[in-house]
Structures are given as structure tokens and as C-alpha cells.
Amino acid sequence: MTRAALAATAALAVALPAAPHAFAAPQPRFPAGTKAADIEVCLQPLGKVDAAVLRAVERGITGAFGFTARSLAERPLPAAAYYRPRKRHRADKILDHLVAEVVSSSGCDLVLGVTTSDISVTKDEHVDWGILGLAYIDSQVAVISTFRTRKRVSRRVSLMRTVKVATHELGHALGLDHDDSVAGCMMNDARGTVKTVDAETGVPCKHEREAIEATMGVDLPEVTAMDWAVVLGR
């Protein structure tokens, strides 16, 4: 984990407080002159994932951030992540697997695990809390699951939810915490319900985009809404 922090959609965000004394401003993650399209986000299918879902997420990432997105070859979910009592996979262990086994060998700037299996994390008194996605804050890794985005809704709604969860978790990996200051923004806290995700645009609001630009040292496209016709391939 890059920092002692993580964030989960429909779960929680935890971060250590800053030390009381001042530090020098951190350097941007990418060198001067880096363009958004130079940043490569790789989707790592964990188990069988519908190719149409991967393509929609790829297009959503490009639409929201301007990054180049592509999918890697499928690989199995890590056995160490399996939580037998609930037949789920622990999302934090999946992130550790991506860090150890995928990031360095892929050559990608960020890696987003994608699975259809249910994933979970420990939240407060809940040992096993089902979630939509998880990311280490200010890192190279995130993971999302379609297990909860597709329940009792149309395929279109499921795809839109999945794309929104992807951009939200990548927002965490890019350094953003949950932020409910403006309703409908990408980093709103789901607060345990996927309905919050439905109300989000799926793209960074102005203050979110500016925060990412400051952290990354890269200008992002100024978009206010996702072009769903393009993202969903309709």
C-alpha cells in the first residue's frame, strides 16, 4: 500500500492525519509536459469478464480523464483473497496482488482489477462488508466488482454503474478522498447504497479535476458529463 489509507465504494475511506509540522509540497506524479493521453490505465480482468463491460470501462476512463485505457489478458482471482465463510474475495488482498504481480510487469501507470465476483473489506465492526470497489489512496491500484452493479437492473444501468464505480475508484488512486461538498460529483460517498452511484455523473467535477491536475501534474479534459452514447457503444 502506497500510504496507510484506502477507500471503498459503499464502504469507507480511512487516512492517517498529517503530522503537525509542515512539509515541502509534494512533486507531481508525472514529469512536466506529460499529457493525459500519455497515462496508461490497464484493466486487469480477474476471472471471466464480459468483453463489452471491459470496453465500456475503457471508454469511460478515457472520457472522464483523457487517459489511454486497455485491457490485459485474463488472470484468476488470487486464492489468498478468498474469504470462505461468505464465499467472497477480500478486496484489500486483491489490491496487494495487483501491486505484487501486475503493476511492475504490465508497464501501466495504473491498474484497475475488474471482477464479477463479490468483494468485501472490513468496515468498523463489520468483519466482512460487501462493496462495489476499493482503492489505495494515491496509488497505482484499484479494483471493482460488477456483482452489485447488475442486480435487478437493465444491462444499460449496470454498465453505467460499473463505469462510474471505475472512475470513482481511480479518483481514489489519483489521490482523492470521498467528498460530498457538491451533490452528483464523482467522489461522493456511496454510503452503503448503489443508488448514490446512480446520481453521480461519472466524471470529475471542477474541484475534483483541479485536485487531480495538481497531484498528477497533468491537464485533464474539461468535461461536465459522460457521453454515454460513446461509452456504451450505442
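Each remark here, short or long, concerns the structure printed above.
Owing to the predicted nature of the structure, the values given are computational and were not obtained by experimental measurement.

Secondary-structure assignment places Arg-209 in helix 5 (residues 206–216). Glu-213 provides the closest opposite charge to the buried, unpaired Arg-209, separated from it by 4.1 Å. If near-sequence neighbours (up to four positions away) are discounted, Arg-209 is found in contact with Pro-204, Leu-220, Pro-221 and Glu-222.

A word on the environment of Glu-169. Structurally, Glu-169 can be placed in helix 3 (residues 155–173). Sequence-wise, Glu-169 and Ala-135 are 34 residues apart; in three dimensions their C-alpha atoms are separated by 5.6 Å. A distance of 3.3 Å separates the side chain of Glu-169 from the backbone nitrogen of Ala-135, its partner in a polar contact.

A word on the pattern of salt bridges. Taken as a whole and judged by the stated rule, the model has 11 salt bridges. In this structure, Arg-148 and Asp-118 form a salt bridge, with 3.0 Å as the shortest nitrogen-oxygen distance. Taken together, the residues span a long stretch of sequence, with Arg-148 in the loop between strand 11 (141–145) and helix 3 and Asp-118 in the loop between strand 7 (110–115) and strand 8 (119–123) at a distance of 30 residues. Residue Arg-148 is classed as partly exposed on the basis of its relative accessible area, which comes to 24%.

Our focus in this paragraph is the packing of aromatic side chains. In the structure shown here, the tally under the stated rule is 1 aromatic pair. Positioned over the ring face of Tyr-83 is Arg-90, at 5.5 Å from the centre of the ring. The residue whose ring lies beneath Lys-123 is Trp-129, and the NZ or CZ to ring-centre distance is 4.5 Å.

Let's shift gears to the pairing of strand 9 (residues 126–131). Looking at chain direction, strand 8 and strand 9 are connected through 4 bridges and run antiparallel. Counted as the bridge partner of Ser-120 is Gly-130 from strand 9. What sits between the antiparallel neighbours strand 8 and strand 9 is a turn of 2 residues, in which Asp-124 has the positive phi angle 50°.

Reading the values: rules and limits
- In this numbering scheme, every chain counts its residues from 1 along its sequence in written order.
- Under the rules for a predicted model, residues below a pLDDT of 70 receive no local features and side-chain atom pairs below 80 are neither given nor counted, while totals for whole chains, interfaces and linings still include all residues.
- Excluded from the side-chain calculation are hydrogens and water; included are all heavy atoms of the structure.
- Only DSSP runs of H or I reaching four residues or more are called helices, and only runs of E reaching two or more are called strands; each is numbered from the N terminus.
- Burial here depends on accessible area, computed with a 1.4 Å probe over protein chains only, as a share of the maximum for the residue type. Under 20% is buried, over 50% is exposed, and the range in between is partly exposed.
- None of His or the chain ends enter the tally, which takes Lys and Arg as positive and Asp and Glu as negative.
- The salt bridge definition used is simple: a Lys or Arg side-chain nitrogen within 4 Å of an Asp or Glu carboxyl oxygen.
- When checking whether two residues touch, look at their non-hydrogen atoms; a contact exists if any pair is within 4.5 Å.
- A 3.5 Å cut-off defines polar contacts: any pair of N or O atoms within that distance qualifies, except that in protein one atom must be a possible hydrogen donor and the other a possible acceptor, and neighbouring residues in sequence count only when both atoms are side-chain atoms.
- By convention, a stacked pair of Phe, Tyr or Trp rings (six-membered ring in the case of Trp) has centres within 6.5 Å and planes under 30 degrees apart, an edge-to-face pair has planes over 60 apart, and any other such pair is tilted.
- Two limits define a charge over a ring: the Lys NZ or Arg CZ must be within 6 Å of the ring centre, and within 35 degrees of the ring normal.
- In short, DSSP must find at least two bridges between two strands for them to pair.

By themselves, these are just geometric observations and shouldn't be taken as functional.
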